[in-house]
Amino acid sequence: MGTVVQGIGVSAGAAYAPVVIVGDRVLPPADEQVLAHDVAADRIRDAFAEVATEIDGRAELASDGAAPILKATAMLARDPGLIEGAIAHAESYGPATAIERATQGYVDKFIELGGYFAERATDLKDVGARAVAAVLGEPAPGVPTLDGECVLVARDLAPSETATLDRTKVVGIVTEEGGRTSHTAILAAQMAIPAAVKVSGCLEFAEGTMVLVDGDTGQVHVEPEGELVAQLQQRAARRTAALEGSTGPGATKDGKRVALLANIGGIADAEKAGAADVEGVGLFRTEFVFLNSKEAPTVEEQAEIYRKVFAPFGDRRVVVRTLDAGADKPLAFADLGREENPALGRRGLRLSAERPDLLDSQLEALAIAAHDTGADVRVMAPMVALVEEAAWFARRVRENGLKKVGIMIEVPGAALRAGHVMEEVDFGSLGTNDLAQYTMAADRMQGELADLLDPWQPALLDLIGAACDGAAKNGKPMGVCGESGGDPLLALVLTGLGVSSLSMAPSKVPMVRFSLSQHSFADCQRLAALARGARTAHEAREAVLNAVAPSVAAVL
Ligand code: PEP
Ligand code: MG
């Protein structure tokens, strides 16, 4: 009889496969002993050799694009300067500390050299971290070589790690930390990998144990009975059958249009989403493109990227968000120094006010790429709180020749005063991830606070209602681009509140489209009233679940 652990479902679907644990970074022990020099030298050489062989093995299995990068990384692990440097440090330090010191010295040099070398600093750090683990006889940190389908189990995954996962092998993701709107959750949905986060105790799962991840309910079943696996497979089959006829533009049963758009984070996402049945892009998170950049990209470098992002969408709209740097998405070239509370600090548009050069070069590049591709580009700002900010941003966007300008509504002050803020711009987009964080004063990165961050919280729904009313007063459209827009039940409530577009990971679009098609606009308004009338998030969801069309309830 299997056990079940409850987490938060963040990417729909079910996955059944053996567990592969992603090792944590291993630090050299503080009291590490200095060894006899020849013993230390042998251990250090063996550790680097083990790392080089392991990375070479991954290169053999990797795609054509990734193999050369991995081979180059294996070469770093064979670099005599790095190995001999570590051996020299072993005169005064234990072998793991010696490896760490030598690696850090090289990393600093690489960063100083800049350009290509600086870009390899991350790979070098990875090599060093693996060699430290190897010399201590600990499992390698990071995602190991995968030789078949698996469910990855990790404390959390770095955005860069999640983005490079092999989709053909990683069929599910389970993390101990993270929350509904953490970036692991966002990227897993983006890649359509069923995932559950905040699954406490998951790191204790034995490697190779069969688990069933239910990305809808957030439950992880350890060694489940065959009957349960069959049940979830049947649910998946029912869903596939129901969604088969669900194509084309989003609309309620009585024809009220709700545009269904994709959230993207770069060129690869754009190519995938461009080929999908979506009406365009509702959120291009431009900061995702530059997460690993040390230097600010030039106008031409940016224009080149944006052209490639816009091209797959032809004449469909592409809503671009200017850099939302800071807090959970720090960018090296836009760092304003340490702040006590980064999520409440100079992030998003506030950072653009401090560094208008970054905003101007981005707007110039967007205008060039929009002109070159003829794309329907609309630009919006993150973290707008004030009328003055909206006006300042709108002026700068229009001065650059970009026609349509919008703002994200993700600060409660802006939601409450949308009637005035929206006068300055052409459209609004509710960032419900941050709006939930700021409404409930709960850090979105902190899994323990997940209940506060539940998008069904009636207080959040009230603010969304206020923002929609403010936009409607100005005759301006209001969309949603936070994770809540991809929930097929909540999508009905949002529509009832007055939202006219929903942007989400493309994998979530078919289910939302189906759900909308089974309800009239009046149904959506009734469901919205039910949810807002509830006292708790749980009661709000239950009330809606009990009132939706049976055709939708059957495939949830
Ligand atoms: C949001 O806050 O809801 C949003 C869409 O932006 P991000 O998740 O990138 O902060
Ligand atoms: Mg946000």
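What counts and what doesn't
- Residues numbered from 1 in each chain as written.
- Chains lettered and ligands numbered in written order.
- Predicted model: local features only at pLDDT ≥ 70, side-chain atom pairs only at ≥ 80, totals over all residues.
- Heavy atoms only, no water.
- Near = heavy atom within 4 Å.
- Helix = DSSP H or I, 4+ residues; strand = E, 2+ residues; numbered from the N terminus.
- Nonpolar A, V, L, I, M, F, W, Y, C, P; charged D, E, K, R; others polar.
- Donors = N, O, S within 2.8 Å, 3.2 Å for Na, K, Ca; no water.
- Patch = residues over 30% accessible without salt bridge, like charges linked within 9 Å, V, L, I, M, F, W, Y side chains within 5 Å.
- Areas by Shrake-Rupley, 256 points an atom, 1.4 Å probe, with all protein chains shown as cover.
- Salt bridge = Lys/Arg side-chain N within 4 Å of Asp/Glu carboxyl O.
- Buried < 20%, exposed > 50% of the residue type's maximum accessible area, 1.4 Å probe, protein only.
- Right-handed = clockwise from strand over helix to strand, strands pointing away.
- Phe/Tyr/Trp six-rings, centres within 6.5 Å; stacked < 30°, edge-to-face > 60°.
- Axes fitted to C-alpha atoms, helices over the stretch in contact; angles between N-to-C directions.
- Parallel < 35°, antiparallel > 145°, perpendicular 65-115°, else oblique.
- Left-handed = near helix turned anticlockwise from the far one by under 90°.
- Contact = heavy atoms within 4.5 Å.
- Pairing = 2+ DSSP bridges.
- Domains from an automatic or database assignment.

A.B. asks: Hey, could you go over the site of ligand 1 for me, with residue numbers and the actual values?
C.D. replies: R285, R321, K329, N433 and R444 are the nearest of the 15 residues found near ligand 1. At the level of secondary structure, the elements contributing two or more residues to the shell around ligand 1 comprise β10 (280–285) and α16 (432–440). A per-class count over the shell around ligand 1 returns four nonpolar, four polar and seven charged.

A.B. asks: So, the coordination of the magnesium ion (ligand 2): which residues are in play, and what are the values?
C.D. replies: For a metal with four tetrahedral donors the ideal donor-metal-donor angle is 109.5 degrees, whereas six octahedral donors ideally subtend 90 or 180 degrees. Coordination of the magnesium ion (ligand 2) by the protein comes from E410 (OE) and D434 (OD), over a distance range of 2.0 to 2.2 Å. Note that E410 is positioned in the loop between β13 (404–409) and α14 (412–416) and D434 in helix α16, a separation of 24 residues in sequence.

A.B. asks: Now, about a nonpolar patch on the surface: what can you tell me, with residues and values included?
C.D. replies: Taken together, L113, Y116 and F117 make up a surface patch of nonpolar side chains, about 340 Å² in accessible area. Looking at the element boundaries, L113 is found in helix α4 (residues 95–113).

A.B. asks: Give me the lowdown on the pairing of strand β5 (residues 170–175), citing residues and values where you can.
C.D. replies: The buried fraction of β5 is high, at six of six residues. Note on the crossover from β5 through helix α7 (residues 183–190) to strand β6 (residues 195–197): the handedness is right-handed.

A.B. asks: Tell me what's going on with unusual backbone geometry, and back it up with residues and numbers.
C.D. replies: With the exception of glycine, most residues fall at negative phi, and the peptide bonds are largely trans. Phi at K198 takes a positive value of approximately 55°, unusual for a residue other than glycine. The topology assignment puts K198 in the loop between β6 and β7 (210–214). A positive phi angle is found at M383, which is not glycine, with a value near 60°.

A.B. asks: So what about the packing of aromatic side chains? Which residues, and what values?
C.D. replies: Working definition: an aromatic ring pair is given by the centre-to-centre distance plus the angle between the planes. As enumerated under the stated definition, the model contains four aromatic pairs in all. Relative to Y306, the ring of F284 lies with its centre 6.1 Å away and its plane at 80°, an arrangement referred to as edge-to-face. Placement of F284 in strand β10 and of Y306 in helix α10 (residues 299–310) is noted, with a sequence separation of 22 residues between them. Accessibility classification places F284 together with Y306 in one group, the buried group. On the basis of an interplanar angle of 20° and a centroid distance of 6.4 Å, the ring pair of Y306 and F310 is categorised as stacked. Within this pair, Y306 and its partner F310 are both found in helix α10, separated by four residues, close to a single helical turn. Judged by its relative accessible area of 0%, F310 is buried.

A.B. asks: Hey, could you go over the packing of α10 against helix α12 (residues 356–373) for me, with residue numbers and the actual values?
C.D. replies: At a closest axis distance of 8 Å, the pairing of α10 and α12 adopts a crossing angle of 45°. In this view, α10 runs oblique relative to α12, as classed from their interaxial angle. Judged by the sense of rotation from one axis to the other, the crossing of α10 with α12 is right-handed. On α12, the residues that touch V299, Q302, A303, Y306, R307 and F310 of α10 are S361, Q362, E364, A365, L366, I368, A369, A370, D372 and T373. Across the contact of α10 with α12, the residue classes break down as nine nonpolar, four polar and three charged.

A.B. asks: Tell me about the packing of α12 against helix α13 (residues 387–399), residues and numbers included.
C.D. replies: Packing of α12 against α13 brings their axes to within 10 Å, and their N-to-C directions diverge by 40°. Taken together, the axis directions place α12 and α13 in an arrangement best described as oblique. Here α12 runs over α13; the crossing is right-handed. Residues P356, L359, D360 and L363 of α12 form the contact with α13, whose own contacting residues are W392, F393, R396 and V397. Looking at side-chain class alone, the contact of α12 with α13 contains six nonpolar, no polar and two charged residues.

A.B. asks: Break down the sheet that holds β7 for me, with residues and values.
C.D. replies: Here we have eight strands laid out as an open sheet, ordered β1-β8-β7-β3-β4-β5-β6-β2, and mixed in their pairing. The open sheet has two edge strands with one neighbour each: β1 (3–6) and β2 (8–11). Averaged over all pairs of adjacent strands, the angle between their axes in this sheet comes to 30°, without regard to strand direction. As paired strands, β1 and strand β8 (residues 219–222) are joined by four bridges and run antiparallel to one another. Counterpart to Q6 in the pairing with β8 is Q219. Where helix α8 (residues 226–243) meets the sheet, it contacts β3 (14–21), β7 and β8, and its direction lies at approximately 35° from that of β7.

A.B. asks: Go over the sheet that holds strand β9 (residues 259–264) with me, naming the residues and quoting the values.
C.D. replies: The eight strands are arranged β9-β10-β11-β12-β13-β14-β15-β16 in a closed barrel whose pairing can be described as parallel. Shown here is a sheet whose adjacent strand axes are inclined to one another by a mean of 30°, direction ignored. Where β9 meets β10, three bridges bridge the pair, whose relative direction is parallel. By the bridge assignment for β10, I264 is matched with F284. This element, helix α19 (residues 509–517), spans β9 and β16 (501–504) of the sheet and lies at about 160° to β9.

A.B. asks: Please set out the pairing of β8 residue by residue, giving values where relevant.
C.D. replies: Pairing between β7 and β8: three bridges, direction antiparallel. When the bridges of β8 are listed, V211 appears paired with V222. Connecting the antiparallel pair β7 and β8 is a turn made up of four residues, with G218 showing a positive phi of about 85°.

A.B. asks: Please set out the environment of M383 residue by residue, giving values where relevant.
C.D. replies: Within the secondary structure, M383 sits in the loop between β12 (376–381) and α13. Put simply, M383 and L336 are 47 residues apart on the chain and 17 Å apart in space, counted from C-alpha to C-alpha. Beyond its immediate sequence surroundings of up to four residues, M383 is in contact with D324, A343, R347, G348, L349, R350, E389, M408, E410, V411 and Y438.

A.B. asks: Outline the domain arrangement of the chain, supporting the account with residue identities and numerical values.
C.D. replies: For interface size, the figure often reported is the accessible area lost on association. What the domain assignment lists for the chain is domain 1 (3–23 + 142–223), domain 2 (37–136) and domain 3 (251–553). Computed from C-alpha atoms alone, the centre-to-centre distance between domain 2 and domain 3 is 41 Å.

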